[in-house]
Amino acid sequence: MNKSNYALISALYDTKGANLYNDIYFPIIKYEIANQYYTQSDVEKYYDLTELQDAINTNFGVKIPLSVLKQSIKAIEKGNKEISISVYEHGKQFKIKKAWDISLNTSIDIKAQEIATKFNKLEQIFQRFLEVEQLSFNKSFSDFYSDNTEEIFNYLEEIDNNAIINENYVNLTRFLTLIKNENVELFNIANDVFWGSIIAGFLKRNTAEINIKPVEKVEYYLDSALVLSILDLDNTDNVSYGQELLDIIKSSGNIPKVHALTIREISNILTSVEREQGPRPNSAIEGAYYRRDLSPTKILHIKNKLHQLITDKGIIIFPASDTELDKIEVEYKSKKSVNDLEKFRSPHYFNHTIRDIHDVYLRDFIQRKRERIASIEKINSYFVSLNSELISYFKRECPLNTKSVVIHPAKIITDLWIHNSNCTLLKKNALTEAMSRCFAMNNTDIRRKLRIVSKYYKDSSAEYSDENYRAVYSALINRSTHALKEVDSMSLTEQENPTNKEEINSSKIKSLIKISTDEQLRREQNLIALTKEKEKLEENIKSKDLQINSTDKLSSIDKERIKQLERELNSQKQKNKLTERINEISTQISELEKDKDKSISMFKYWIIIIIEGMSILGLLLLLPHLIYSYFNSAINFKDYFKNNVAYIFGFLVSLIGFVCRIHNMYLFSPKIQHEHNRDEQTNYWIKKNPKYNKLKEQFLDLQKQRNKLNI
């Protein structure tokens with residue numbers, strides 16, 4: 001399909017006067033019937049379905065299956081005031097008796113041309129954006145829409161369930177975010193054409209049933225990664241994406257759910273963070289941990305309130321007792337399907353983790369809820385996961401003609417429309433969902449790649465420096481083609497595991513650093529070039545202002561160019577200043593962190609532990625002695641007291657100490673009291689060093705400012 005095809009589809013499905021929102025196939029068929037009616041030379045002509053199919057394919061670039069055309073033609077014949085046809089040969093042929101007013105087709109064609117023209121402008125501005133920002137992107141806007149059509153079609157036809165519009169389109173997404181704020185008209189065009197690409201995916205569908213009545217409410221069981229992002233326990237892009245999807249599901253009247261086994265898996269993840277006293281480097285939770293200033297104690301608090309936090313978000317929990325969950329784990333540990341999944345994920349490591357048990361159980365659980373549902377419109381529940389490898393794996397394991405149980409969140413909006421075609425959420429949110437998805441998937445992908453980089457990028461090497469690491473990170477997050485190629489090559493070496501793996505990947509790290517720093521240098525040189533070009537144009541304007549009126553038009557163009565360059569230059573300067581300031585504050589915070597750690601003393605904690613221990617020891621040693629002396633003494637109590645006054649006094653002191661401390665004894669909860677002492681001293685240090693919190697606030701504020709400039 002090309003730009004003209006998408007423009008025509010977008011115009012056709014945005015023409016309110018034709019009542020086109022009630023169905024998918026009728027608008028395009030009726031448009032083509034009207035075209036044929038007003039261009040035919042023989043009013044008695046009989047049209048063949050293949051002839052109609054070819055005409056639609058010529059104008060729209062979509063080959064609608066003959067089975068769908070046959071159903072649609074029969075339905076149009078039975079009752080349609082705008083189009084009147086007679087059907088013959090059981091729907092294989094038809095004759096046109098009446099069509100809607102040709103002015104409607106004409107208005108659609110005019111609007112399509114306007115969309116195509118603006119689409120060309122959009123592509124030109126995008127190419128300029130890539131040039132100015134020195135970004136890699138080897139596809140076009142047309143590829144973006146074509147891939148989305150393919151993604152929709154694959155999902156409907158059960159060919160593939162993964163997202164084709166993914167992290168590879170993040171630089172196009174950055175551009176769309178920019179024009180959404182600066183040029184609403186062009187963004188609306190991009191949105192309209194994206195809508196057209198979705199319609200094209202539906203039109204290509206081979207298995208459509210025109211008159212099927214879909215299930216209106218669907219249960220979407222969210223995977224642990226999505227729930228963590230919704231709970232703000234992920235990087236900011238994933239958090240935004242998770243919350244956006246949750247809002248869409250709820251506002252459409254459908255049901256977001258989470259299984260109790262999923263909550264147990266999330267609890268295990270949080271327990272791991274708590275036990276290890278922090279997140280693992282480049283893990284999903286790492287960004288939120290430091291952004292939210294979390295601690296092991298706060299993680300424990302979140303874990304203990306998981307059910308309440310999830311419910312507060314409007315997610316319904318499918319309940320199961322701990323006993324039931326234990327039985328599930330025991331039963332599924334020995335299942336072949338769990339062992340096969342574990343082997344697929346880690347060929348050389350078997351541990352029967354809850355992750356594999358959870359994924360296989362949720363698949364079986366959803367399959368049981370569906371029973372024998374054969375049509376996608378009738379599906380009542382899904383397991384929603386961000387894990388593309390898991391989705392592909394389960395798809396391969398599915399029997400033929402079985403609908404996928406696990407779907408990517410990218411398919412939710414499409415699925416909502418399948419179940420309720422009157423829902424306006426698709427056109428309103430489809431493009432913004434794809435944009436959020438690209439940012440989220442890019443962060444996830446780069447996090448994985450940084451794990452490989454960090455393994456070999458060591459501070460002991462000669463190439464190590466903060467500047468070089470920032471250059472590598474910038475190259476990866478901006479999806480530099482050459483930088484990504486180097487990291488992918490490192491991943492391949494990891495998989496092949498040669499004997500000289502360390503040497504090979506260390507060499508690739510050097511190459512990666514060179515690629516990244518060279519690209520960073522080119523961006524800086526581009527900034528200098530922009531500055532010189534601006535100065536040159538300013539001089540050009542001064543000279544042209546003295547020329548005759550015929551040159552005024554050219555001068556105004558140059559002025560506009562200068563304004564654009566000034567915006568680009570100022571933006572880059574601001575980013576450079578912010579980056580420099582962020583690095584300075586980060587260094588100060590690190591120094592203060594060291595001072596904070598040094599200020600913590602556990603002297604009080606150990607003194608109290610010793611005192612409590614001595615009190616208990618005193619009770620344990622003196623009480624038996626006093627009792628024994630009393631019952632084995634023939635003297636009266638007065639003499640007994642006189643003879644044992646030292647022991648009695650020691651016992652009373654120990655008893656008083658024990659009674660005074662029993663409600664809050666360190667010995668009964670040493671870990672909690674140890675953490676309490678650390679927190680108490682940390683809070684005191686922070687109170688005495690207000691500069692620390694101010695620096696952290698400045699750091700976050702500067703990061704937000706820089707992120708806005710990167711959009």
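Remarks on the packing of aromatic side chains
Logical step 1: Within this structure, the stated rule accounts for 28 aromatic pairs.
Logical step 2: A ring pair is formed by Phe141 and Phe175, whose centres lie 6.1 Å apart and whose planes are at 75°; its orientation type is edge-to-face. Placement of the pair is Phe141 in helix H6 (residues 141-156) and Phe175 in helix H7 (residues 170-182), with a sequence separation of 34 residues. Of the two residues, Phe141 and Phe175, neither departs from the other in class, the shared state being buried.
Logical step 3: Arranged with centres 6.5 Å apart and planes meeting at 65°, the rings of Tyr221 and Phe318 form a pair that is edge-to-face.

What about the environment of Lys98?
Logical step 1: In this structure, Lys98 sits in strand S3 (residues 93-98).
Logical step 2: Residue class for Lys98 comes out partly exposed when judged on its relative accessible area of 40%.
Logical step 3: As a C-alpha pair, Lys98 and Ala34 span 64 residues in sequence and 8.3 Å in three-dimensional space.
Logical step 4: Not counting residues within four places of it along the chain, the set of residues in contact with Lys98 comprises Tyr37, Lys81, Glu82, Ile83 and Ser84.

A closer look at the sheet that holds S3
Logical step 1: Read from one edge of the open sheet, 3 strands run S1-S3-S2, paired in antiparallel fashion. The strands lining the two open edges of the sheet, one partner per strand, are strand S1 (47-48) and strand S2 (84-88).
Logical step 2: Where S2 lies against S3, 5 bridges are found, and the strand directions are antiparallel. Looking at S3, one finds that Ser84 is bridged to Lys98.
Logical step 3: Where helix H2 (residues 26-39) meets the sheet, it contacts S1, S2 and S3, and its direction lies at approximately 70° from that of S3.

Remarks on the environment of Glu274
Logical step 1: Within the secondary structure, Glu274 sits in helix H11 (residues 260-275).
Logical step 2: Distance from Glu274 to Ser295, taken between C-alpha atoms, is 7.9 Å for residues 21 residues apart in sequence.
Logical step 3: Glu274 has contacts with Pro296, Ile299, Leu300 and Lys303, leaving out every residue within four places of it along the chain.

Considering the sheet that holds strand S4 (residues 219-222)
Hydrogen bonds between backbone groups are what pair the strands of a sheet, and the pairing can be parallel or antiparallel.
Logical step 1: Ordered in space as S6-S5-S4-S7-S8, the 5 strands form an open sheet in which the pairing is parallel. In the strand order of this sheet, the two ends are held by strand S6 (316-318) and strand S8 (406-407), each with one partner.
Logical step 2: Looking at chain direction, S4 and strand S7 (residues 381-384) are connected through 4 bridges and run parallel. Note that in S7 the partner of Glu219 across the bridge is Ser381.
Logical step 3: Along the sheet face, H11 touches S4, strand S5 (255-259) and S6 and points at about 60° away from the line of S5.
Logical step 4: Packed on one face of the sheet, helix H19 (residues 412-419) meets S4, S7 and S8 and runs near 165° to S4.

Thoughts on the side chain of Thr262
Logical step 1: With respect to the helices and strands, the residue Thr262 is situated in helix H11.
Logical step 2: Of the residues examined, Thr262 reaches a relative accessible area of 0% and is grouped as buried.
Logical step 3: Sequence-distant contacts of Thr262, defined by excluding residues within four places in its chain, comprise Leu222, Asp223, Ser224, His358 and Leu362.

Thoughts on the confidence of the model for the protein
Logical step 1: For the protein, mean pLDDT is 81; residues scoring 70 or higher make up 84% of the total.
Logical step 2: Under a pLDDT of 50 for its full length, residues 16-22 has, in the predicted model, 15 contacts with residues more than four places off or in other chains.

Structural notes on the packing of H2 against helix H3 (residues 49-60)
Logical step 1: Packing of H2 against H3 leaves a shortest axis separation of 10 Å and a crossing angle of 100°. Here H2 lies roughly perpendicular to H3, going by the angle between them. Listed contacts from H3 to Ile28, Ile29, Tyr31, Glu32, Ile33, Asn35 and Gln36 of H2 are Leu52, Ala55, Ile56, Asn59 and Phe60.
Logical step 2: Tallied by class, the residues present in the contact of H2 with H3 amount to 8 nonpolar, 3 polar and 1 charged.

The rules behind each value
- Residues numbered from 1 in each chain as written.
- Predicted model: local features only at pLDDT ≥ 70, side-chain atom pairs only at ≥ 80, totals over all residues.
- Heavy atoms only, no water.
- Phe/Tyr/Trp six-rings, centres within 6.5 Å; stacked < 30°, edge-to-face > 60°.
- Helix = DSSP H or I, 4+ residues; strand = E, 2+ residues; numbered from the N terminus.
- Buried < 20%, exposed > 50% of the residue type's maximum accessible area, 1.4 Å probe, protein only.
- Contact = heavy atoms within 4.5 Å.
- Pairing = 2+ DSSP bridges.
- Axes fitted to C-alpha atoms, helices over the stretch in contact; angles between N-to-C directions.
- pLDDT = per-residue confidence, 0-100.
- Parallel < 35°, antiparallel > 145°, perpendicular 65-115°, else oblique.
- Nonpolar A, V, L, I, M, F, W, Y, C, P; charged D, E, K, R; others polar.

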